[in-house]
Amino acid sequence: MIDVRVEDLAFYEGDAIIRPATAMLGATTPLLRRLELAGGAALLKQLAVSEPLSVGSAVVTSAGDLPVDLLVHAIVSSATERVTRDGVRRAFRSALERTSAWEIARVAIPPLGLGAGNLDLETSAELMADELTRHRRASAFPTVVTLIAETEDEAAVL
């Protein structure tokens, strides 16, 4: 099942959140920075990496004080690689593979790759739909996907 909601991602109650991130696990938008802060000191400590991760990869951490157990960080950009359609697609595919490997049933996902100079909402929604369709043909997890929008206009595109 796929659901679309206008909601604050920091209040989502499920098993995990797929979070777009930089290669150093940094936030990619102000919304995601607020999510980090809501996760508290325990989450911020986990986000400190010593080496950059590869664009297109994904890593799982606990979620600190958030009302979910896990965060799946989809690496969409780095200091040397800006956000691209291909990088976001690979990162989302990797994140979905992590949800399957960890048997995560209920996951929330904001639009991936947005922000100044990055993908537009329509492109993000299109590639996310393509990857979700491909993934759901091959995997039982996640069983429930909730796409989280910030506004009604954004929800209409998702």
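Summarised in this report is the structure supplied together with it. (Residues numbered from 1 in each chain as written. Predicted model: local features only at pLDDT ≥ 70, side-chain atom pairs only at ≥ 80, totals over all residues. Heavy atoms only, no water.)

1. Some thoughts on the overall build of the protein
Assigned secondary structure in the protein consists of four helices and six strands. For the protein, the succession of helices and strands along the chain, N to C, is β-β-α-β-β-α-β-α-β-α. Computed over the C-alpha atoms, the radius of gyration of the protein is 14 Å, within 12% of the 15 Å expected from 2.2 N^0.38 for a compact globule of 158 residues. Its C-alpha atoms put the protein at 35 × 30 × 30 Å along the principal axes. Per element, the accessible surface of the protein, about 7400 Å² overall, is 52% carbon and sulfur. If you average the places of the 15 positive and of the 22 negative side-chain charges in the protein, the two averages end up 5 Å apart. (Helix = DSSP H or I, 4+ residues; strand = E, 2+ residues; numbered from the N terminus. Rg over C-alpha atoms; globule rule 2.2 N^0.38 Å. Areas by Shrake-Rupley, 256 points an atom, 1.4 Å probe, with all protein chains shown as cover. Lys, Arg positive; Asp, Glu negative; His and termini not counted. Charge placed at Lys NZ, Arg CZ, Asp CG, Glu CD.)

2. Overview of helix α2 (residues 85–101)
In this model, α2 (17 residues) spans 24 Å end to end at C-alpha, consistent with the 24 Å of a helix rising 1.5 Å per residue. As for α2, its buried residues are in contact with β2 (16–22), β3 (58–62), β4 (70–77), β5 (106–109) and α3 (121–138). Phi turns positive one or two residues past the end of α2, at E103, with a value near 55°. (Expected span 1.5 Å × (residues − 1). Contact = heavy atoms within 4.5 Å.)

3. What to know about the environment of A91
Along the polypeptide, A91 turns up in helix α2. On the basis of relative accessibility, which here comes to 0%, the residue A91 falls in the buried class. The contacts of A91, once residues within four sequence positions are left out, are G56, S57, A58, A74, I75 and V76. (Buried < 20%, exposed > 50% of the residue type's maximum accessible area, 1.4 Å probe, protein only.)

4. Overview of the pairing of β4
A large share of β4 lies buried, amounting to eight of its eight residues. Two elements, β3 and β4, share five bridges in a ladder whose sense is antiparallel. Bridging from a neighbouring strand, V59 pairs with H73 of β4. (Pairing = 2+ DSSP bridges.)

5. Describing the nonpolar core
Within the largest apolar cluster, 24 residues are counted, with the highest numbers of intra-cluster contacts made by I18, V72, V88, F92, I109, L112 and M128. Looking at this core, the elements with two or more residues in it are β2, β3, β4, α2, β5, α3 and β6 (144–149). Per-element accounting of this core gives the leading share, five residues, to α2. With 18 residues, the next largest nonpolar core counts L9, L32, L47 and L71 among its residues. (Core = buried A, V, L, I, M, F, W, Y, C linked by side-chain atoms within 4.5 Å.)

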